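Working through the structure, step by step
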Amino acid sequence: MNIIVTGGAGFIGSNFIFHMLKKYPDYRIICLDCLTYAGNLSTLAPVMDNPNFRFVKESITDREAVYKLFEEEHPDMVVNFAAESHVDRSIENPEVFLNTNIIGTAVLMDACRKYGIKRYHQVSTDEVYGDLPLDRPDLFFTEETPIHTSSPYSSSKASADLLVLAYHRTYGLPVSISRCSNNYGPYHFPEKLIPLMIANALNDKPLPVYGKGENVRDWLYVEDHCRAIDLIIHKGRVGEVYNVGGHNEMKNIDIVKIICKELGKPESLITYVTDRKGHDMRYAIDPTKIHNELGWLPETKFADGIKKTIQWYLDNKEWWETIISGEYQNYYEKMYGNR
Ligand SMILES: NC(=O)c1ccc[n+]([C@@H]2O[C@H](COP(=O)([O-])OP(=O)(O)OC[C@H]3O[C@@H](n4cnc5c(N)ncnc54)[C@H](O)[C@@H]3O)[C@@H](O)[C@H]2O)c1
């Protein structure tokens, strides 16, 4: 089985590649990634020497490069993780989100139509459903919840989802989509809540929390997400959307306090900063469909997952210190000032 994994030098894509090469030693995995600020080749160091792994530095928006890769590799499947993924950056500059997340998805699917494919899988997000009110804990996103996006990021992901479903209906492309809640774990870029707080706390820097920190996210350990995608591409029904989430809703401020506690750092490091524009209040996934159809259940409890994640950041300081000492510094100062 030949699988092109796009965006594999990023957070979830790299974890997915590790999962697949370990579980299916006879599969060939080709990572297609153009290495934006969020992609790191060093992340893929553990598999670079694996003869069943190939890294190709190209953009999913480059039609010629994508077609060439299909001609060379004859993939059976494509799993598309490649995306601009940070909501705050999409508020600053939506254009690159539209190009990569929408046009790039179309280019990949055009290649799948042209050369044939057994499965095209789109890695999407629960953010396409918009948000839920804090005072209605009885409400959850199902696959039938209408799309109702808030940010340029979620709008671009929702647009891509609609295109994927249209390519299935119009051209009969064998597609599937997963919409997952917030992930955490190793190799998470330090601009996102959990790794940002771990990195800042370890450096005794202020911990910038949006608004009052009341926003609720449904956190899932990254390996559980990777197992869900593995199940969907092998056993999930074509043309279907599967929600993936662990019923693990937590307020941002509580996450930050847990990180302080685990690291023995004072909560006085917490600094409340101006809220994100259009900030969604609550995400909560109903994962009944993937559980009933494919038997998927999350395996890592948050209490264990956050300990493993913190330990990973302690053991891999060089990985994230290199990132935060580079160009990222300018972005950080723009967002949070000289904190
Ligand atoms: N992180 C989450 O909590 C989460 C939750 C649900 C869904 N998702 C989705 O999962 C996918 C992966 O998210 P992530 O957090 O790993 O993102 P990430 O930002 O860590 O990684 C994205 C990767 O895509 C690559 N990339 C960007 N533009 C590209 C292009 N034009 N061509 C080729 N490669 C390109 C980057 O270099 C990077 O390696 C995204 O599609 C995201 O929308 C993420």
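Figured I'd write up the structure that's included with this text. Keep in mind that what you see is a predicted model, and the values were worked out from it rather than measured.

What sets the pattern is the α-helix's 3.6 residues per turn: residues three or four places apart point alike. Given a rise of 1.5 Å per residue, 20 residues ought to cover 28 Å, and the 28 Å separating the end C-alpha atoms of helix 5 (residues 152–171) matches this to within 8%. Listed as buried for helix 5 are Tyr-153, Ser-154, Ser-156, Lys-157, Ala-158, Ala-160, Asp-161, Val-164 and Tyr-167. Considering only its buried residues, helix 5 is in contact with helix 3 (87–92), helix 4 (95–115), strand 5 (119–125) and strand 6 (175–180).

Interaxial distance between helix 8 (residues 252–263) and helix 10 (residues 302–315) falls to 11 Å at its minimum, and their mutual angle equals 60°. In terms of orientation, helix 8 and helix 10 fall into the oblique class. By crossing handedness, the relation of helix 8 to helix 10 is classed as right-handed. Of the residues in helix 10, those touching helix 8 at Ile-255, Ile-258, Ile-259, Glu-262 and Leu-263 are Phe-302, Ile-306, Lys-307, Ile-310 and Leu-314. Looking at side-chain class alone, the contact of helix 8 with helix 10 contains eight nonpolar, no polar and two charged residues.

Secondary-structure assignment places Ser-156 in helix 5. You can call Ser-156 buried: its relative accessible area is 1%. Only 2.7 Å separates the side chain of Ser-156 from the backbone oxygen of Tyr-153, close enough to count as a polar contact. The contact partners of Ser-156, leaving out residues within four places of it in the chain, are Phe-97, Leu-98, Asn-101 and Ile-102.

The next subject is the pairing of strand 8 (residues 207–210). Residues Leu-207 and Val-209 of strand 8 are buried on one face, and the alternating residues Pro-208 and Tyr-210, pointing to the opposite face, are buried as well. Across four bridges, the pairing between strand 8 and strand 13 (residues 270–273) is parallel. Each residue of the ladder has a partner; that of Leu-207, found in strand 13, is Ile-270.

The rules behind the values
- Residues numbered from 1 in each chain as written.
- Predicted model: local features only at pLDDT ≥ 70, side-chain atom pairs only at ≥ 80, totals over all residues.
- Heavy atoms only, no water.
- Helix = DSSP H or I, 4+ residues; strand = E, 2+ residues; numbered from the N terminus.
- Expected span 1.5 Å × (residues − 1).
- Buried < 20%, exposed > 50% of the residue type's maximum accessible area, 1.4 Å probe, protein only.
- Contact = heavy atoms within 4.5 Å.
- Axes fitted to C-alpha atoms, helices over the stretch in contact; angles between N-to-C directions.
- Parallel < 35°, antiparallel > 145°, perpendicular 65-115°, else oblique.
- Left-handed = near helix turned anticlockwise from the far one by under 90°.
- Nonpolar A, V, L, I, M, F, W, Y, C, P; charged D, E, K, R; others polar.
- Polar contact = N/O pair within 3.5 Å; in protein donor to acceptor, adjacent residues only side chain to side chain.
- Pairing = 2+ DSSP bridges.

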